[in-house]
Amino acid sequence: FRQAARSVAITVVERDPHYRLASTPRSVGSIRLQFSNAENILLSQWSSSFMRSGNINNDDGNDSIQFRNGAYLFSATTNTGALQLKRNCDLQTSLGATTEFIDCRNDIVRRFPWLGADKVMAVAVGGEGEGWFDPMLLLSALRQACIDADVAFVKGSVDKFVLGANDNVIGAQVTTSDGAALVSADKAVLACGAFSRSVLTSTFDGDDMAAAAVVPVEPRKRVVFVVESSSPVCVGDFDRDGLPLLFIDGTSGTYVRCESSTGGGTSGTTRFITGVSPPPHLDTPIDTTTGDSDVFDVTERDYAELFEGIIWPALAEKVPVKFDALRVRSSWAGFYEYNTIDQNGIVGNLANHPNLYVATGFSGHGVQQALGVGHALAANILTDGEQWPPALDLTRMSPQRFADRSQWLLEQNVV
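What counts and how
- Residues numbered from 1 in each chain as written.
- Predicted model: local features only at pLDDT ≥ 70, side-chain atom pairs only at ≥ 80, totals over all residues.
- Heavy atoms only, no water.
- 1 Å grid on protein atoms, 1.4 Å probe; cavity = no way out; pocket = protein on both sides within 12 Å on 5 of 7 lines; lining within 4 Å.
- Points joined across faces, edges and corners; volume = space filled by probe spheres on them.
- Helix = DSSP H or I, 4+ residues; strand = E, 2+ residues; numbered from the N terminus.
- Nonpolar A, V, L, I, M, F, W, Y, C, P; charged D, E, K, R; others polar.
- Buried < 20%, exposed > 50% of the residue type's maximum accessible area, 1.4 Å probe, protein only.
- Contact = heavy atoms within 4.5 Å.
- Phe/Tyr/Trp six-rings, centres within 6.5 Å; stacked < 30°, edge-to-face > 60°.
- Lys NZ or Arg CZ within 6 Å of the ring centre and 35° of its normal.

**Quick notes on the layout of surface pockets**
Taken as a whole, the second largest pocket spans an internal volume of roughly 730 Å³. Lining the second largest pocket are 30 residues, and of these Gly 250, Gly 253, Gln 412, Asn 413 and Val 414 lie nearest its centre. When residues of the lining of the second largest pocket are traced back to their parent elements, those giving at least two are strand E4 (71-76), helix H3 (79-94) and strand E13 (217-229). Here the lining of the second largest pocket gets four residues from one element, more than from any other, and that element is H3. Classifying every residue of the lining of the second largest pocket gives eleven nonpolar, 14 polar and five charged.

**Here's the deal with helix H6 (residues 196-203)**
Burial of H6 is extensive: six of the eight residues sit out of reach of the surface. By the burial criterion, the buried members of H6 are Ser 196, Arg 197, Val 199, Leu 200, Thr 201 and Thr 203. For H6, the elements touching its buried residues are strand E9 (157-163), strand E12 (188-190), helix H7 (208-214), E13, strand E19 (346-350) and strand E20 (353-360). Once H6 ends, the next one or two residues include Asp 205, with phi positive near 55 degrees.

**Observations concerning the packing of aromatic side chains**
Per the stated rule, a full pass over the model turns up eleven aromatic pairs. With 6.0 Å between their ring centres and 15 degrees between their planes, Tyr 72 and Phe 74 make a pair best called stacked. Accessibility expressed as a relative area gives 6% for Phe 74, which makes it buried. With centroids separated by 6.2 Å and ring planes inclined at 75 degrees, the aromatic side chains of Phe 195 and Phe 335 adopt a geometry described as edge-to-face. Here the residue Phe 195 occupies a position in the loop between E12 and H6, and Phe 335 occupies one in strand E18 (residues 326-339), the gap between them amounting to 140 residues. Among the aromatic residues, those joined into a cluster by ring pairs are Phe 225, Tyr 303, Phe 307 and Trp 312. The residue whose ring lies beneath Arg 26 is Phe 296, and the NZ or CZ to ring-centre distance is 3.9 Å. One cation-aromatic arrangement involves Arg 32 over Phe 35; the distance from NZ or CZ to the ring centre is 4.0 Å.

This is the structure in structure tokens:
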């Protein structure tokens with residue numbers, strides 16, 4: 001972004017400059033290399049390396065965003081799931097990841113004695129490059145880096161992109177506190193997360209079907225629960241050779257990450273964060289047209305359907321000695337920018353509007369890949385959509401893929 005910002009004039013239009021309703025601060029701030037598509041693995045590798053390098057604000061690295069090395073532990077409970085886990089692991093290691101696949105029950109028990117190994121057929125555990133960080137600190141650092149590079153920030157809401165000759169974008173119609181204005185542009189990037197499709201619908205004169213054909217994205221609510229276990233457990237129980245773990249249950253998709261321990265022995269408590277992507281019958285798009293913040297409220301229904309109905313039973317089954325007794329201490333919610341077709345990022349320009357680029361639809365792994373996407377898309381924009389960086393070729397993530405079902409890029413590892 002520094003190179004791009006210093007060679008061209010960039011304006012960012014942001015309707016929520018304090019990020020009160022933004023998805024990034026509401027994420028759990030984790031990064032992993034365990035995906036089923038090469039593009040996602042490479043994007044996370046690039047982003048993780050950049051986060052840990054100290055290059056965001058030329059600082060000393062991890063401390064600026066509180067990056068903590070960790071590892072994802074994916075589990076499989078069926079033969080089909082184990083085979084998919086093995087295929088994913090083979091791809092990841094071929095691209096330089098240090099993911100380890102284990103399908104021997106004795107080895108699983110030895111390495112992870114707290115895991116109900118009789119319920120698990122195989123696991124894949126990550127290594128270097130995975131971990132978690134403070135997403136708001138990352139966002140703030142990136143914003144400041146852009147300001148330092150003379151990027152202009154405008155407080156306002158993009159109503160739509162304005163099209164000129166040959167359907168090229170000539171700017172954006174923006175509503176600010178001073179009224180409506182046209183922000184002129186030679187090139188434009190649609191990166192509005194869960195709200196991207198609605199902006200494109202307005203651009204296409206209210207034709208939502210046309211917008212959905214290239215940006216099939218809608219807001220999906222995701223809830224994070226902060227829970228405490230009174231069972232004798234410590235942070236060190238959840239690790240891989242000293243790396244703390246984020247555990248993924250292969251049956252329900254429930255994840256859990258250990259945050260802290262207090263006390264010791266039988267009198268201590270351990271705090272975790274946990275959540276799950278709801279099954280299809282519970283996972284419906286959210287009406288965000290009102291602009292009200294109550295769409296983020298965690299309701300009694302969320303608690304009953306998600307925590308009591310899915311999360312707690314899954315954890316109690318897979319980690320019985322740790323999660324037989326849990327108490328919910330707090331919770332929060334945010335949006336996934338959910339790609340309804342293949343749950344994968346959409347990056348590149350539109351076929352009929354070649355100077356309009358998109359970066360959206362990451363379905364839960366956008367924060368961790370944002371740095372890599374920004375790097376790759378900047379290079380693509382500077383070559384008028386003709387080239388990608390050699391190490392980050394995102395051609396297959398183009399919005400043009402949705403016109404041909406055989407080009408869809410289904411991501412198997414969506415958490």
